[in-house]
There are 2 protein chains.
Amino acid sequence: MLDGPKVDVTHARRRGRGSPGDKGAPSRSPDYRQLRNSFLPQPVFSSDQVEAIHATALRVLEELGIKVLLPEARQVFKAAGCLVDEDTQMVRIGRDVVGAALLSAPRSIEAKAGDRARDIVFELGVMTFIAGCGAPNVTDLDRGRRAGNLADFEDLIRLVHSFDVMHMHGPCIEPQDVEMSLRHYATARAQLTLSDKFPFVFARGTPQTEDSFEMIRLARGLSVDEFHNGAHCYTVINTNSPRQLDIPMAQGIIDFAKAGQVSIITPFCLAGAMAPITVAGALTLQHAEALAGIVLAQLSRSGAPVIYGSFSSNVDMKSGAPAFGTPEHVKATLGAGQLARHLGLPWRAGGGSASNISDAQAAHETQFALWGSVLAGATVLIHAAGWLEGGLSVSFEKLITDIEALQTIAELFDKPGGGDADIGFDAIAEVQPGGHFFAAQHTMERYRTAFYEPLVADWSNFGNWTQSGSKTATERANGVWKKRLAEFVPPASAVATADVLDEFIARRTAEGGAAPVS
Amino acid sequence: MLDGPKVDVTHARRRGRGSPGDKGAPSRSPDYRQLRNSFLPQPVFSSDQVEAIHATALRVLEELGIKVLLPEARQVFKAAGCLVDEDTQMVRIGRDVVGAALLSAPRSIEAKAGDRARDIVFELGVMTFIAGCGAPNVTDLDRGRRAGNLADFEDLIRLVHSFDVMHMHGPCIEPQDVEMSLRHYATARAQLTLSDKFPFVFARGTPQTEDSFEMIRLARGLSVDEFHNGAHCYTVINTNSPRQLDIPMAQGIIDFAKAGQVSIITPFCLAGAMAPITVAGALTLQHAEALAGIVLAQLSRSGAPVIYGSFSSNVDMKSGAPAFGTPEHVKATLGAGQLARHLGLPWRAGGGSASNISDAQAAHETQFALWGSVLAGATVLIHAAGWLEGGLSVSFEKLITDIEALQTIAELFDKPGGGDADIGFDAIAEVQPGGHFFAAQHTMERYRTAFYEPLVADWSNFGNWTQSGSKTATERANGVWKKRLAEFVPPASAVATADVLDEFIARRTAEGGAAPVS
């Protein structure tokens, strides 16, 4: 066989000085909470081309403008000197206004979780992961594909909480069994009582936003002033590409900015559909729209925490179906990283897959999108785990297999040691030709912590694997998430917030809740 | 839904000026034959650390030495001034000898295929892919896992030939139904009559090697002198880590060097087992062993074409099972790239997966190993497609799903355009807010060739996918390889070599073939 066979080391180990194979040996406990990306960013454009895309985006905003549906937002732009046509709702933004916004937007944002050990800093060089978000459906091997519901939403919050490589919460699935005017109570309660990670709030109109902010203040024990002076939650703002900002999104930018909370401003630019068919063209439109949102945030409150957003991919030109993890998606993400570094702002990218099931396509597309984001230096990667069907479902099993990929990336951020002890001349001298290193002193000192221990990957040989039931990674992942849920214990500090939150929810429910209107 | 829904563009396209969705539209035909890697190499060690690993490897060769089982090889080393102990078979190689070998080893190797359009240049900056090699077993969805056999070997040669992103042949599976003394005729015949790509020859003793060289000369119409003055085939040499070179491998280095054919000299260093447990330690041993092989080749014929080989990964310390696509495998590959660039030589890396089936684990591990090789700047990636069980089987379906990943990488080497026409201000101006780009002039001019067209990925929505039978990527891949085989037509120039080869094989078979002895 080429490149050597699998080795049976049972015998080799028995002869050794110790027993590295002891199942009871203490294993490593890596820290995935605050990751810094050690990969060199990969450019796809020259710096002249980056400058040209930026300049063209400024020209788009100045000469063509963006349609802003919310009157309050048009008023904000107008007050800053932008040219507003009330008949067409078009807003043209001068480059001076954009330049001022880019000066006031913070380069670094300290995001406050429920526990200081869960805090995150959003800045270039940091990398954070969010599971698949916004799916109307949820799926797993036992129950199949079904409409999103609160019980599954809560289970996904539990799972996200239990993996350190998932750095904050997102609106994983839509709990469609809770009526719209009460849904935000349920989703905020789940995040705040089951976890102490940084929470997400949907920008679905001022009343819901205010309710959600109040729940966070109650859970965290913050006054309104304290809340406004720190970033305690975030939202995602999607522009309606091309060149349109709708009412809830514009309202969300204003509300979050005024409250000092984080907006991730993301045009969703599918090249060939809602954006030009070229990578550079899609990014130019994305850049213009993201800048318009950043301007609105900075005009609403100078210094408001905003994250530049990129989610540009392509569609299938035969059907119009969006695609993810494609060469064009990866190239767009790499280019977006260059634009974000040009601005100096923290930024988000988007992962995911268009596959309808957790299979080899799903894994390949997800990992391509992941590497695109890693090599682009994204600060935040949304839809990093579990996303199927281009966002129409979240899979419990794919969440687990994708988390293995995220943990692998987290391990890769840690460079291997290259000192004398790592190089190990003495270890090489100790083992004779044809021998083995299982029992070498150099091995014995390190074997407990030397290697990443897989979450779901099975490295056993074909015979043992067959005897264990010939399970695919997806089938094993089914067991992994069930075990995690069975063993889940929410943080005591989170559990302790339930009473005050329930009191608030009962009062607001009695008052009729809050419809998703601006 | 967060980040926007899937879009039905049927209606949108109908209103357009043209019909980008025409199924009959001519599609793009990308050229994957000669790939240059446009990614920046990613370092994991400082340049001081690289220098220290290199220096320690020299010290290993000089002070500890390597055990060389072949008397002829020890004689070659001795004649060059190395210290040889015939009792222990240990050879100690001075750094002067290593330095001279590194000066004579070529930085660039022109590999001659059966057609000039299939020629390859091996040098830093080039990237080439070889399918999974050396597996005793073969598997597919219809026939299950079975012992390697000639019919499957030939089908794999056909499949490899039919994808341009597979740049040369390898010993995909072991055709166990052909007896050992005749097997090399069957494998050479398959490569030479079904394909015009660069062929592989196993170094299983001088008689078999000479037979294989003669078949290549007959097929390519070369005299012995012409053959010796060009690289017309390659082999892979595995050292027996730690620090041992066995008889067939040493003989192979000598035979291939003397004939001017390519040796890829690859220690297979599993950290914690046959190599030190640290990445730096495994690479130090790998480097020493690869240098010893390179020295033997250069001493056998100065300027002999050699490729520096890396295949270092880790084992599961609980069972000793080798693992691939792990963080440690990727780190070792990135470090190996630094060592190869330190030498200035073309080099190979190794891909693959330890998974027992083509599933999400298999895809994730394979892609991690692939990215490791891409970001390390490997000249050749062996086991790039189809390899399962750490090399104990090759899967027809995984070959296809992995080729999609390789094609995606090939597309990524091509940077997106960043000129004015790509940025497309006029296209952005043409489409009004809330509109779409499907029918924009900018789109119409480009839609046929703008995007990568998937081989096996299915981007249809859940309803359509379900109606089509809810097939996984692996199930669809089954249809892809069958269609490729059904449509396969070997190159006429390859078919034309059958008569002369069969005449040779008949004669040699009558003579009893050639046993795998040195």
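It should be emphasised that the depicted structure is a prediction, and the values quoted were computed from it without experimental measurement.

Points about the pairing of strand E9 (residues 144-147) of chain B
For a regular strand, side chains alternate in direction, first toward one face of the sheet and then toward the other.
Residues and elements named next belong to chain B.
Here's step 1: Of the strand pairs in this sheet, strand E8 (residues 137-140) and E9 are connected by four bridges, and their pairing is antiparallel. Bridging from a neighbouring strand, Asp140 pairs with Gly144 of E9.
Here's step 2: In sequence, E8 turns back onto E9 through a hairpin of three residues.

Focus on helix H7 (residues 206-220) of chain A
Residues and elements named next belong to chain A.
Here's step 1: Relative to the 21 Å expected for 15 residues at 1.5 Å per residue, H7 spans 21 Å between its end C-alpha atoms, a close match to the ideal helical length.
Here's step 2: Within the sequence span of H7, burial applies to Gln208, Thr209, Asp211, Ser212, Phe213, Met215, Ile216, Arg217, Ala219 and Arg220.
Here's step 3: Looking at the buried positions of H7, the neighbouring elements they touch are helix H6 (180-194), helix H8 (224-228), helix H9 (247-258) and helix H20 (498-510).

Some points on the confidence of the model for chain A
Residues and elements named next belong to chain A.
Here's step 1: Summarising the model, chain A shows a mean pLDDT of 94, and 95% of its residues fall at 70 or more.
Here's step 2: Note that pLDDT drops below 50 for residues 4-25; the model gives that stretch 43 contacts with residues more than four away or on any other chain.
Here's step 3: Taken together, the chains of this predicted complex give a pTM of 0.96 and an interface ipTM of 0.95.

Notes on the pairing of strand E14 (residues 311-315) of chain A
All names here are of chain A.
Here's step 1: Counting buried positions along E14 gives five out of five residues, so the element sits mostly inside the fold.
Here's step 2: Here strand E12 (residues 262-271) pairs with E14 via four bridges, running parallel. For Ala271, the partnering residue across the bridge sits in E14 and is Asn314.
Here's step 3: Two strands pair when backbone bridges link them, and E14 and strand E15 (residues 322-323) are joined in this way by two bridges, in the antiparallel orientation. Residue pairing across strands places Val315 opposite Pro322, the latter belonging to E15.
Here's step 4: Linking E14 back to E15 in an antiparallel pair, the connection comprises six residues, with Gly320 at a positive phi of about 80°.

Concerning the packing of helix H12 (residues 360-376) of chain A against helix H13 (residues 396-413) of chain B
Here's step 1: As a packed pair, H12 of chain A and H13 of chain B sit with axes 10 Å apart at the nearest point and diverge in direction by 20°. The orientation of H12 of chain A relative to H13 of chain B falls into the category roughly parallel. Considering the relative orientation of H12 of chain A and H13 of chain B, their crossing is right-handed. Residues Ala360, His364 and Phe368 of chain A of H12 of chain A touch H13 of chain B, and the partners they reach there are Thr401, Asp402, Ala405, Thr408, Ile409 and Leu412 of chain B.
Here's step 2: Grouping the constituent residues of the contact of H12 of chain A with H13 of chain B by class yields five nonpolar, three polar and one charged.

What to know about the relation of the copies chain B and chain A
Here's step 1: For the match of chain B to chain A, the screw axis carries a shift of 0.0 Å, the RMSD comes to 0.0 Å, and the turn is 180°. Both copies are brought into coincidence by an operation consistent with a two-fold rotation axis. Among all residues of chain B, the one whose C-alpha sits closest to the rotation axis is Ala360 of chain B, at a distance of 2.5 Å.
Here's step 2: Comparing interface residues between copies, 99% of those in chain B also lie at the interface in chain A; the contact surface is shared.

Procedures and definitions
Residues numbered from 1 in each chain as written. Chains lettered and ligands numbered in written order. Predicted model: local features only at pLDDT ≥ 70, side-chain atom pairs only at ≥ 80, totals over all residues. Heavy atoms only, no water. Pairing = 2+ DSSP bridges. Helix = DSSP H or I, 4+ residues; strand = E, 2+ residues; numbered from the N terminus. Expected span 1.5 Å × (residues − 1). Buried < 20%, exposed > 50% of the residue type's maximum accessible area, 1.4 Å probe, protein only. Contact = heavy atoms within 4.5 Å. pLDDT = per-residue confidence, 0-100. Axes fitted to C-alpha atoms, helices over the stretch in contact; angles between N-to-C directions. Parallel < 35°, antiparallel > 145°, perpendicular 65-115°, else oblique. Left-handed = near helix turned anticlockwise from the far one by under 90°. Nonpolar A, V, L, I, M, F, W, Y, C, P; charged D, E, K, R; others polar. Least-squares fit on C-alpha atoms with pLDDT ≥ 70 in both.

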